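Structural characterization, general
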Amino acid sequence: IWTGVLLGATVALWTAAVVRREHSRAAVAPALGVVMALFASSPNLLAAAALATTDLVATATYFAAVGCWWFYWQRPGRWRLLAAGALLGLALAAKLTGVLIVPLLLPLAYVYGYRGRRDWPRPGLMWLAALAIGGLTLWAVYAFQLRPFPLAAYRESWTNVLNHVSTGHQAFFLGEISDGGWWL
């Protein structure tokens, strides 16, 4: 439940910042009311918040990482970059599908941060810095494991998933068991 509350607070913070930037302070309260009403009445969020699964944690960390990346590009600074990188690392740790956020942040860096021809390497370099901070955060989640090499457990998790995807598993459908699935 607390993860749902944190996700709601993050959505509210980002909504207020975007509305304040694009419109006026007077528009923030109505926008927050609409967004929070939609958030609080979303059946998917209500169902996921009550369960102890990684789905809502992944959603919260993905949203927080992208939101923090946006905040960084609005007013770049060391602490904002550190926060964006740390949230990226938490998103990577929350669920293995967190790697999908890594290629997403690079084009977002150019959308948010490109200021002209002379500045073209900066968004890419800041993305690499956030990636390094995210890697350190992920390593910290795995208790700075060194043996047999850093992040061996994370790599082993990926190896297990990729092996499972390539070999598959048995499925049950309408009283039949199959190794290859069905075409409906």
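So, a few notes on the structure that sits alongside this text. Sequence order as written defines residue numbering, which begins from 1 separately in each chain. Only residues with pLDDT of at least 70 get local features here, since the model is predicted, and only at 80 or more are side-chain atom pairs given and counted; chain-wide, interface and lining totals rely on the full set of residues. Hydrogens and water are ignored here; the side-chain numbers use all heavy atoms of the structure.

Here we come to the packing of aromatic side chains. Paired rings are identified among Phe, Tyr and Trp, the last through its six-membered ring, by centres lying within 6.5 Å, and are further divided according to the angle between planes into stacked (under 30 degrees), edge-to-face (over 60) and tilted (the rest). All chains considered together, the criterion is met by eight aromatic pairs. Between Trp14 and Trp70, the aromatic rings sit 6.2 Å apart at their centres with planes inclined by 80 degrees, giving edge-to-face as the arrangement. With Trp14 in helix H1 (residues 2-22) and Trp70 in helix H4 (residues 54-74), the pair connects residues that are 56 residues apart, well separated along the chain. Each residue is placed in one exposure class: buried if its accessible area under a 1.4 Å probe, protein chains only, is under 20% of its type's maximum, exposed if it is over 50%, and partly exposed if it falls in between. What makes Trp14 partly exposed here is its relative accessible area of 30%. According to the relative accessible area criterion, Trp70 is buried, its value standing at 8%. Between Trp70 and Phe71 the ring centres are 5.2 Å apart and the planes differ by 75 degrees, which places this aromatic pair in the edge-to-face class. The rings of Trp14, Phe63, Trp70 and Phe71 are connected pair by pair, giving a single aromatic cluster. Going along the chain from the N terminus, every DSSP run of H or I of four or more residues is numbered as a helix, and every run of E of two or more is numbered as a strand.

This part covers the pattern of salt bridges. Two side chains bearing opposite charge may form a pair once their charged atoms approach each other closely. The term salt bridge refers to a side-chain nitrogen of Lys or Arg lying within 4 Å of a carboxyl oxygen of Asp or Glu. For the structure shown, the criterion picks out two salt bridges. Two residues, Arg21 and Glu22, come together in a salt bridge whose shortest N-O distance is 2.8 Å. Accessibility expressed as a relative area gives 52% for Arg21, which makes it exposed. Among the salt bridges present, the one from Asp55 reaches Lys95, with a minimum N-O distance of 2.3 Å. Residue Asp55 is located in helix H4, and its partner Lys95 is located in the loop between helix H5 (78-94) and helix H6 (101-113); the two are separated by 40 residues in the primary sequence. Under the relative-accessibility criterion, Lys95 is labelled partly exposed at 28%.

For patches, a residue must show more than 30% relative accessible area and have no salt bridge; joins then use 9 Å for like charges and 5 Å for nonpolar side chains, namely Val, Leu, Ile, Met, Phe, Trp and Tyr. Computed with a 1.4 Å probe, the accessible areas rest on the Shrake-Rupley method; for each residue, only the protein chains presented here act as cover. On the surface, a nonpolar cluster with roughly 410 Å² of combined accessible area is contributed by Ile1, Trp2 and Val5. Positionally, Val5 belongs in helix H1.

Okay, the packing of H1 against H4 next. In the contact formed by H1 and H4, the axes pass within 10 Å of each other and the chain directions differ by 25 degrees. Relative to H4, the element H1 lies roughly parallel. In terms of crossing hand, the pair formed by H1 and H4 is left-handed. For the pair formed by H1 and H4, the contact residues are Thr3, Gly4, Leu7, Thr10, Val11, Leu13, Trp14, Ala17, Val18 and Arg21 on the first element and Leu56, Val57, Thr59, Ala60, Phe63, Ala64, Gly67, Trp70, Phe71 and Gln74 on the second. Inter-axis angles, ranging from 0 to 180 degrees, are taken between N-to-C directions of lines fitted to C-alpha atoms, where helices are fitted over the stretch in contact. Roughly parallel means an angle under 35 degrees; roughly antiparallel, over 145; roughly perpendicular, 65 to 115; everything else is oblique. Two helices cross in a left-handed way if the nearer one is turned anticlockwise from the farther one by less than a right angle. They cross in a right-handed way if the turn is clockwise. In what follows, residue pairs with any heavy atoms lying within 4.5 Å of each other are defined as contacts.

This paragraph deals with the environment of Ala109. Along the chain, Ala109 falls in helix H6. Take Ala109: its relative accessible area is 0%, and that puts it in the buried class. On a C-alpha basis, the gap between Ala109 and Gly124 in space is 7.1 Å, while along the polypeptide they are 15 residues apart. Each residue touching Ala109, except ones within four places of it in the same chain, is listed here: Trp69, Trp73, Tyr114 and Pro123.

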